[in-house]
Amino acid sequence: LLKQKANSSHEPLSTCQTHSKKKQPLKAGNSQGVPAVNGKGNVAKAESTNKTNPQMNGSAKDRSPLAQPKAKTAAMDKNLNSTKRGGKGCEEKKKNGNELKGKGDIKHKRRKAEEQVEQQPKEPEIWFDDVDPKDIEAAIGPEAAKIARRNLGLETGPSKESVEQVLVKEKASEGLTRAVAMDCEMVGVGPKGEDSIVARVSLVNQFGKCIYDKYVKPTEEVTDYRTAVSGIRPENINTGEDFKTVQKEVADILNGRILVGHALRNDLKVLFLDHPKKKIRDTQRYKPFRQRVKTTRPSLKLLCEKLLNVQVQTSEHCSIQDAQAAMRLYTLEKKKWEAAVKNKLNNKNRK
């Protein structure tokens, strides 16, 4: 009976044992059985599953985690090999990508440059009336603003303030100086307006400060006001000063002083005045200026642009500004110019 009880007690335990081991994964080579109770009530050590159940042993080997590292290692090796093989491919792709990107950038820049050339406005396209050129510049661009200023008769170069800063010395004397600069604006008379008479006379001192500026009543019928160049309009000269009065006042100012100007022969001619040659400083005839700009009869505009880096006479001429420009050119070379005149006079006296 005891043997039967013991056998009967062993059977459910073994089944229970195998059932529990199905649920719980075994550790390779170290898994031990659940202790069993024998018929006498003593706890008996269960044999290792390797001995008890050979089938289970085999399945445990199949499921052994020791097999997994090999699989993982193989997968890693495969990945490493693929990356090694793919490294060159990646580098080639990167290189090709950079080349394509470089070509694409060149094409993009070229296309952008062509678009900018195409987008630059032409003069007929700028038709805005009563629009501030600054607003046009902000909306369309500097080229459009330049065309708009030209159409409105405004200067296209530096602003008047910047030009004045170059030509006029601030906080300087506004009185007469040893040297004065003069410029005249003229209008046309005669059948075709080819002959000239004086319409405005302006004088500035050595610092560019205006000391005289008057419009002159015409002595003959005006046939061409030359407004685009002279800036003279009928209302300016119809209410101007009498010619004789202007002539006398200018002669008094010039008396005993150095006269500076550009192409002064024309200005003196329309005023019917003369001035001592040794006291004339004509920027058109000064040899060093002609050598620098490489022309025998340089314009005042060219001299200012090349030597002073300012633009004058961009639209209607202003006799005050022209006189200031001539004076600034003179003061730029004053020491050398006066030394050259002095040497020339000394050489004449020796002969």
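Cut-offs applied
- All residue numbers here refer to positions counted from 1 along the written sequence of the relevant chain.
- Residues qualify for local features only when their pLDDT is at least 70, as the model is predicted, and side-chain atom pairs are given and counted only at 80 or more; totals for whole chains, interfaces and linings, by contrast, use all residues.
- The side-chain numbers reported here are obtained from all heavy atoms of the structure, hydrogens and water having been left aside.
- Angles shown run from 0 to 180 degrees and are taken between the N-to-C directions of axes, each axis being a line fitted to C-alpha atoms and, for helices, limited to the stretch in contact.
- Secondary structure elements follow DSSP: runs of H or I no shorter than four residues count as helices, runs of E no shorter than two count as strands, and numbering proceeds from the N terminus.
- These descriptions rest on fixed angle ranges, namely under 35 degrees for roughly parallel, over 145 for roughly antiparallel, 65 to 115 for roughly perpendicular, and the rest for oblique.
- Contact between two residues is taken to exist if any of their heavy atoms lie within 4.5 Å; hydrogens are not considered.
- In the analysis that follows, any N or O atom pair within 3.5 Å is treated as a polar contact, provided that within protein one partner can donate a hydrogen and the other can accept it, and provided that, for residues neighboring in sequence, both atoms belong to side chains.
- Salt bridges, as used here, are contacts in which a Lys or Arg side-chain nitrogen is within 4 Å of a carboxyl oxygen on Asp or Glu.
- Only protein chains enter the area calculation, which uses a 1.4 Å probe; residues under 20% of their type maximum are buried, those over 50% are exposed, and those in between are partly exposed.
- Two rings from Phe, Tyr or Trp (for Trp, the six-membered ring) form a pair when their centres sit within 6.5 Å of each other. Planes less than 30 degrees apart are called stacked, planes more than 60 degrees apart edge-to-face, and all others tilted.

A. View of the packing of helix 14 (residues 319–332) against helix 15 (residues 334–350). In the contact formed by helix 14 and helix 15, the axes pass within 5 Å of each other and the chain directions differ by 75°. What the angle tells us is that helix 14 and helix 15 run roughly perpendicular. Contact residues: Tyr330, Thr331 and Leu332 in helix 14; Lys334, Trp337 and Glu338 in helix 15.

B. View of the side chain of asparagine 236. With respect to the helices, strands and loops of the structure, asparagine 236 is situated in helix 9 (residues 234–238). Among the polar contacts listed, one links the side chain of asparagine 236 to the backbone nitrogen of arginine 233, at a separation of 2.9 Å.

C. Looking closely at the pattern of salt bridges. Within this structure, the stated rule accounts for seven salt bridges. In this structure, the salt-bridge partner of aspartate 213 is arginine 200, at a minimum N-O distance of 2.9 Å. With a gap of 13 residues between them, aspartate 213 in strand 5 (residues 210–215) and arginine 200 in strand 4 (residues 195–204) connect regions that are remote in the sequence. Residue aspartate 213 is classed as partly exposed on the basis of its relative accessible area, which comes to 32%. Notably, a salt bridge pairs glutamate 338 with arginine 281, separated by 2.9 Å at the nearest N-O pair. In this pair, glutamate 338 is assigned in helix 15 and arginine 281 in strand 8 (residues 280–282), connecting sequence segments 57 residues apart. With relative accessibility at 19%, the residue glutamate 338 sits in the buried group. Here arginine 281 falls in the buried class, since its relative accessible area comes to 3%. Each of the salt bridges in this network shares a partner with another, and the network as a whole consists of Lys214, Glu241 and Glu249.

D. Inspection of the packing of aromatic side chains at higher detail. Under the criterion given, the structure shown has five aromatic pairs. Their ring planes at 85° and their centres at 5.9 Å tell us that phenylalanine 289 and tryptophan 337 sit as a pair that is edge-to-face. Note that phenylalanine 289 is positioned in helix 12 (residues 287–293) and tryptophan 337 in helix 15, a separation of 48 residues in sequence. Comparing phenylalanine 289 with tryptophan 337, the two get one shared label, buried. An aromatic cluster is defined as three or more aromatic residues linked by ring pairs; in this entry it consists of Tyr286, Phe289, Tyr330 and Trp337.

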